[in-house]
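Take a look at the letters that make up each chain.
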Number of protein chains: 2
Amino acid sequence: MANIKEIARIAGVSVTTVSRVLNNHPYVKEDKRRAVLETVERLNYSRNINALHLLKGRTQIIGVILPMINHSYFGVMMEGIAQEALKSGYQLMVSQTSYQPEEEQRMLEMMRNKQIDGVIICSRSLPLEHLEAYNPYGPIVLCEEIGPRPMSSVFLNHYQCFQEGIRYLWNKGHSSIGYSISRMEGPSSSRRYEAYCDMHEELGIPVNPSWIYDHCLDIEDGVLLVRRMLEQADRPSALIVTSGQVAAGILLEAGRQGLRVPEDLALISFDNMPISEVLGITTMDNGIYTMGASAMSIADELIRGTTSSPMTKEIPFQLIERSTA
Amino acid sequence: MANIKEIARIAGVSVTTVSRVLNNHPYVKEDKRRAVLETVERLNYSRNINALHLLKGRTQIIGVILPMINHSYFGVMMEGIAQEALKSGYQLMVSQTSYQPEEEQRMLEMMRNKQIDGVIICSRSLPLEHLEAYNPYGPIVLCEEIGPRPMSSVFLNHYQCFQEGIRYLWNKGHSSIGYSISRMEGPSSSRRYEAYCDMHEELGIPVNPSWIYDHCLDIEDGVLLVRRMLEQADRPSALIVTSGQVAAGILLEAGRQGLRVPEDLALISFDNMPISEVLGITTMDNGIYTMGASAMSIADELIRGTTSSPMTKEIPFQLIERSTA
DNA sequence: CTGTTAGCGCCTTCAG
DNA sequence: CTGAAGGCGCTAACAG
């Protein structure tokens, strides 16, 4: 309610002095400082942050674009982002896009409007060229490999990661290998598909497209995957799946249908959730928490101007052997 | 970059005219309008929203306080909030608090600072009295029953809901009934505990505190619950659990341990997630999506001043019979 | 050490 | 139909 002018009037000083006290500047006589503080207290004054935003041209808010928040993959990534944001003093503005381009655009526009200082894109559907147009307005950090583009990115080498998964299964004696993904169109999915094909060529085994299961995100999708699979005449003996949740769903339904894991069906999951550890699921830890944290810290550096050119960071992955493969 | 003054200068009109065009006011000659629009286009102008925020004293942003985002219960609630926010033109600022009071407070302070117009509290650890102090700064909508307090709330009758669950199990022949919760201290947990005790008294069966399983949120917790339970000499024959995820975890581990559901262990879950449907889990649909949506719409009404006094809304629940109880 | 003053970018009376 | 001017609340030179 009250503003700085009123505080000044009542405390019998100038607005500058009030501002100085509020911002802990030195050179304010102790009695004036106390008078100000007391008035602030008495009037229950609180400063209007919007005035600051306008004045500074910055808001200390980062926008986060992700398709869905209610999914462990992005949930964990968010956790990493949030953790780092807290450390470096940013607020987060999250937009759950469901992959709707208009929603992604809306957040980008917020950056143009100076409502947010930068954007982290966990997953997108807008084309890269389109994003680039927003480059002048603030840093854009993508969580994917984007090649030689003038934007920052934090990424996992999906190709290598997937290759290693397949090789591991092959070494365990599997030659009928399938996998699940969350959506066919995503950039990481195509990278995986390449790895899948290349590895099969290298190992001299045929690729079977009907062993690629789309739309797998959560437990229920794992359950449904098993049901789908059991209807197939020709079935894979091993699967690489999208997440610990999906793996759990598979395990659950496999149990009900009398499929033994890993004897009848081997499983590698692609993240390292608590559930994977509890259930002993062999996992490719793809460091998504780190990915989120790195994205945020890059955004911070870019905003603070420590670095001006786009930054790139590859996140390491690691296979954790447990008992499902 | 460019501001309204520059547009005015270049287009050869006054700032007022520019503002009028930008806000679709009538009474602007067509040629001036066009000149402005063209300049806006050419300079790639975009207005600074912070100036508006300052001027209007409102931001069209709602703060959402929730302990964790990466959990289906709050995920679904968020979905409801987000859906409604989109409809009424609000942005959302989410704070993942992990139940840390300082984080909750931080968001409340943002309201005081005029950074957000209102707050929706999905779950909290700050005491109600404390929240009330922020009443003058904007509407606070809680997602719980708060009794006669000057704040708005959307809630489920946990007592009745739980009672009905127990009665259902009792009618199915169970007299050893346990349940899981997410955290012992929460207000809804105490309501459930009351219902649990009262029902047991009514039915003349003894209460067994060791059948109350704390910290159950996700699949892995369901798995661990079964392991914990199997170590107990005296075991419940039926469980009411926190979520579809927990139920799935129980089902999974029960299968591995040779426990049949519902013969050896009956199950009711407390929400209605996709997983519950896919797995045929008997569920108490507690309408959390609706809860989120209602909370947002109440916040909107309060902000727009349609209503000034706090509002209260009870969300209905409904038992969905499937095959686990 | 302290106060005056000029904006940050925009909208909105109030006079033409 | 259009423009000048004031002000939203705050900070940061710039003078004392």
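Counting starts from 1 at the beginning of each chain's written sequence and moves along it residue by residue. Following the order in which they are written, the chains are lettered starting with A and the ligands numbered starting with 1. A pLDDT threshold of at least 70 governs which residues receive local features in this predicted model, and a stricter bar of 80 or more applies before side-chain atom pairs are shown or counted, although totals over entire chains, interfaces and linings include all residues. Side-chain figures throughout are based on the complete set of non-hydrogen atoms in the structure, without hydrogens or water.

A.B. asks: Whenever I open this one, the protein's contact with DNA strand D confuses me. Can you help?
C.D. replies: Working definition: residue near molecule or strand if any one of its non-hydrogen atoms lies within 4 Å of it. The local shell around DNA strand D holds 23 residues, among which A:Ile4, A:Tyr45, A:Arg47, B:Thr17 and B:Lys29 are the closest. For DNA strand D, the fraction of protein-proximal atoms (within 4 Å) that sit in sugar or phosphate groups is 67%. Between DNA strand D and the protein, one listed contact pairs a phosphate oxygen with a side-chain N or O atom of B:Thr17 at 2.7 Å. We define a polar contact as two N or O atoms separated by no more than 3.5 Å, with the added condition that, inside protein, one atom must be a possible hydrogen donor and the other a possible acceptor, whereas residues neighbouring each other in sequence contribute only through side-chain atom pairs. B:Lys29 is positioned such that a nitrogen or oxygen atom in its backbone is 2.7 Å from a phosphate oxygen of DNA strand D. Helix and strand definitions follow DSSP, with helices as H or I runs of at least four residues and strands as E runs of at least two, each counted in order from the N terminus. Contributing elements (two or more residues each) for the surface near DNA strand D: α2 (15–22) and α4 (49–56) of chain A together with α2 (15–22) and α4 (49–56) of chain B.

A.B. asks: Any chance you could explain the domain arrangement of chain A here in plain terms?
C.D. replies: Accessible area lost upon the coming together of the parts serves often as the stated size of an interface. For every domain, the bounds stem from an assignment made automatically or drawn from a database. Domain parsing of chain A yields domain 1 (4–47), domain 2 (59–157 + 288–316) and domain 3 (158–285). Using only C-alpha atoms to locate each centre, domain 1 of chain A and domain 2 of chain A end up separated by 39 Å.

A.B. asks: What is the right way to look at the interface of chain B and chain A in this model?
C.D. replies: On the side of chain A, 50 residues touch chain B, which itself brings 50 residues to the contact. We define a salt bridge as a side-chain nitrogen of Lys or Arg found within 4 Å of a carboxyl oxygen belonging to Asp or Glu. At the boundary of chain B and chain A, one finds 0 salt bridges. The tally of links from chain B across to chain A stands at 14 residue pairs in polar contact (both at pLDDT 80 or more). Of all the elements in the fold, those that place two or more residues in the side of chain B that touches chain A are α4, α5 (72–88), β2 (91–96), α6 (101–112), α10 (219–230), α11 (244–257) and α12 (274–279) of chain B. Contacts between residues were defined by any pair of non-hydrogen atoms, one from each residue, lying within 4.5 Å.

A.B. asks: So what exactly am I meant to see when it comes to the sheet that holds β2(B) here?
C.D. replies: Two pairing modes exist for strands in a sheet, parallel and antiparallel, and in both the strands are linked by backbone hydrogen bonds. Residues and elements named next belong to chain B. Strand pairing follows a simple DSSP-based rule, namely that at least 2 bridges must link the two strands. Ordered in space as β2-β1-β3-β4-β5-β11, the 6 strands form an open sheet in which the pairing is parallel. Looking at strand neighbours, the two that pair on one side only are β2 and β11 (312–315), the edges of this open sheet. Across the sheet, the mean angle separating the axes of adjacent strands is 15° when strand polarity is ignored. As judged from the 3 bridges shared by strand β3 (residues 118–121) and strand β4 (residues 140–142), these two strands associate in the parallel manner. Each residue of the ladder has a partner; that of Ile 120, found in β4, is Val 141. Axis definition: a line fitted to C-alpha atoms, limited for helices to the stretch in contact. Angles are taken between N-to-C directions and run from 0 to 180 degrees.

A.B. asks: I'm lost on the pairing of strand β1 (residues 61–66) of chain A in this one. Help?
C.D. replies: On a regular strand, each side chain points to the face opposite its neighbour's, so the side chains alternate between the two faces of the sheet. Residues and elements named next belong to chain A. Think of it in three bands: residues with accessible area under 20% of the maximum for their type are buried, residues over 50% are exposed, and the middle band is partly exposed, with areas taken using a 1.4 Å probe on protein chains only. Here β1 lies mainly inside the structure; 6 of its 6 residues are buried. Neither face of β1 is open: one carries Ile 61, Gly 63 and Ile 65, the other Ile 62, Val 64 and Leu 66, and all of them are buried. Pairing of β1 with strand β2 (residues 91–96) involves 6 bridges; the strand directions are parallel. By the bridge assignment, Val 64 is partnered in β2 with Val 94. The β-α-β motif built from β1, the intervening helix α5 (residues 72–87) and the parallel element β2 has right-handed crossover chirality. Orient the strands so they point away from the viewer, and a crossover whose first-strand-to-second-strand path over the helix runs clockwise is right-handed.

A.B. asks: Help me understand unusual backbone geometry, please; the structure alone is not making it clear to me.
C.D. replies: Phi is mostly negative for residues that are not glycine, and the peptide bonds are mostly trans. Put simply, A:Val261 and A:Pro262 share a cis peptide bond, and its omega is 5°. For A:Pro262, the location among the structural elements is in the loop between α11 (244–257) and β9 (266–269). Positive phi, normally seen in glycine, also occurs at A:Ser98, with a value near 50°. Positive phi, close to 55°, is recorded for B:Asn24, a residue that is not glycine. Mapped onto the fold, B:Asn24 is located in the loop between α2 and α3 (30–42).

A.B. asks: Would you take a moment to explain the UniProt feature "domain: HTH lacI-type" (unreviewed entry) in chain A for this structure?
C.D. replies: UniProt positions are given in the numbering used here, feature names are shortened, and annotations may be inferred rather than shown by experiment. UniProt marks residues 2–56 of chain A with the feature "domain: HTH lacI-type" (unreviewed entry), using the numbering shown here. Across residues 2–56 of chain A, helical content stands at 69% and strand content at 0%; the span's end C-alpha atoms are separated by 21 Å.

A.B. asks: I'm lost on the side chain of B:Arg33 in this one. Help?
C.D. replies: By secondary structure assignment, the location of B:Arg33 is in helix α3. Not counting chain neighbours up to four residues away, the residues in contact with B:Arg33 comprise B:Val21, B:Asn24, B:His25 and B:Val28.

A.B. asks: Just checking my understanding: could you explain the protein's contact with DNA strand C for this structure?
C.D. replies: In the vicinity of DNA strand C lie 23 residues, with A:Thr16, A:Thr17, A:Lys29, B:Ile4 and B:Tyr45 positioned nearest. Counted by atom, the contact set of DNA strand C within 4 Å of the protein is 69% sugar and phosphate. Note that a base oxygen of DNA strand C is positioned 3.4 Å from one of the side-chain N or O atoms of B:Thr16. Between DNA strand C and B:Asn23, the relevant distance is 3.2 Å, taken from a phosphate oxygen to a side-chain nitrogen or oxygen of the residue. Contributions of two or more residues to the surface near DNA strand C are made by α2 and α4 of chain A together with α2 and α4 of chain B.

A.B. asks: Whenever I open this one, the packing of aromatic side chains confuses me. Can you help?
C.D. replies: A ring pair, where both rings are aromatic, is described by two values, the distance of the centres and the angle of the planes. A pair of aromatic rings is counted whenever rings of Phe, Tyr or Trp (Trp by its six-membered ring) have centres within 6.5 Å, and the orientation is called stacked for planes under 30 degrees apart, edge-to-face for over 60 and tilted otherwise. This model, assessed by the stated rule, comprises 10 aromatic pairs over all chains. Each member of the aromatic cluster is reached from another via a ring pair, and the members are A:Phe162, A:Tyr179, A:Tyr196 and A:Phe270.

A.B. asks: Is there a simple way to explain helix α9 (residues 187–203) of chain B in this structure?
C.D. replies: The α-helix winds at 3.6 residues per turn, so residues separated by three or four positions along the chain end up facing the same way. Residue and element names in this part refer to chain B. Given a helix with a known number of residues, its expected span is that number minus one, times 1.5 Å. Relative to the 24 Å expected for 17 residues at 1.5 Å per residue, α9 spans 24 Å between its end C-alpha atoms, a close match to the ideal helical length. Where α9 is concerned, the buried positions are Ser 189, Arg 192, Ala 195, Tyr 196, Met 199, His 200 and Leu 203. On an axial view of α9, the arc spanned by its buried residues comes to 125°, and they lie on one face. Seen from the buried face of α9, the exposed residues on the opposite side, beyond 90 degrees, are Glu 201 and Glu 202. Buried-residue contacts for α9 involve α8 (158–171) and β6 (177–180). A positive backbone phi angle near 70° is found at Gly 204, which sits one or two residues after α9. Within this analysis, the arc is defined by the directions that extend from the helix axis to the C-beta atoms.

A.B. asks: Can you walk me through the pattern of salt bridges in this structure?
C.D. replies: If charged atoms from side chains of opposite charge come close, those side chains can pair. Residues and elements named next belong to chain A. Evaluation of the coordinates by the stated rule reveals 25 salt bridges over all chains. Between Glu 129 and Arg 149 there is a salt bridge; the shortest N-O distance is 3.6 Å. With Glu 129 in helix α7 (residues 128–132) and Arg 149 in the loop between β4 (140–142) and β5 (152–156), this residue pair connects regions lying 20 residues apart in the sequence. The partly exposed category is assigned to Arg 149, whose relative accessible area is 30%.

A.B. asks: Would you take a moment to explain the environment of A:Tyr289 for this structure?
C.D. replies: All names here are of chain A. The topology assignment puts Tyr 289 in helix α13 (residues 288–304). Tyr 289 sits 211 residues away from Met 78 along the chain, and the two C-alpha atoms are 7.6 Å apart. Residue contacts for Tyr 289: discarding those within four places in its chain leaves Val 76, Glu 79, Gly 80 and Gln 83.

A.B. asks: Got a minute to help me understand the nonpolar core in this structure?
C.D. replies: Most often, soluble globular proteins have nonpolar side chains that are buried together. Put simply, a nonpolar core is a bunch of buried Ala, Val, Leu, Ile, Met, Phe, Trp, Tyr and Cys residues held in one set by side-chain atoms that sit within 4.5 Å of each other. Ranked by size, the top nonpolar core spans 155 residues in total, and within it A:Ile120, A:Leu239, A:Ile250, B:Ile120, B:Leu239 and B:Ile250 carry the most contacts. Sequence-distant contacts of A:Leu239, defined by excluding residues within four places in its chain, comprise A:Gly178, A:Tyr179, A:Tyr213, A:Leu225, A:Met229, A:Ile250, A:Leu265, A:Ala266, A:Leu267 and A:Ile268. Counting residues in each nonpolar core, the second largest holds 36 residues, with A:Ile65, B:Met93, B:Ile116 and B:Leu126 among its members.

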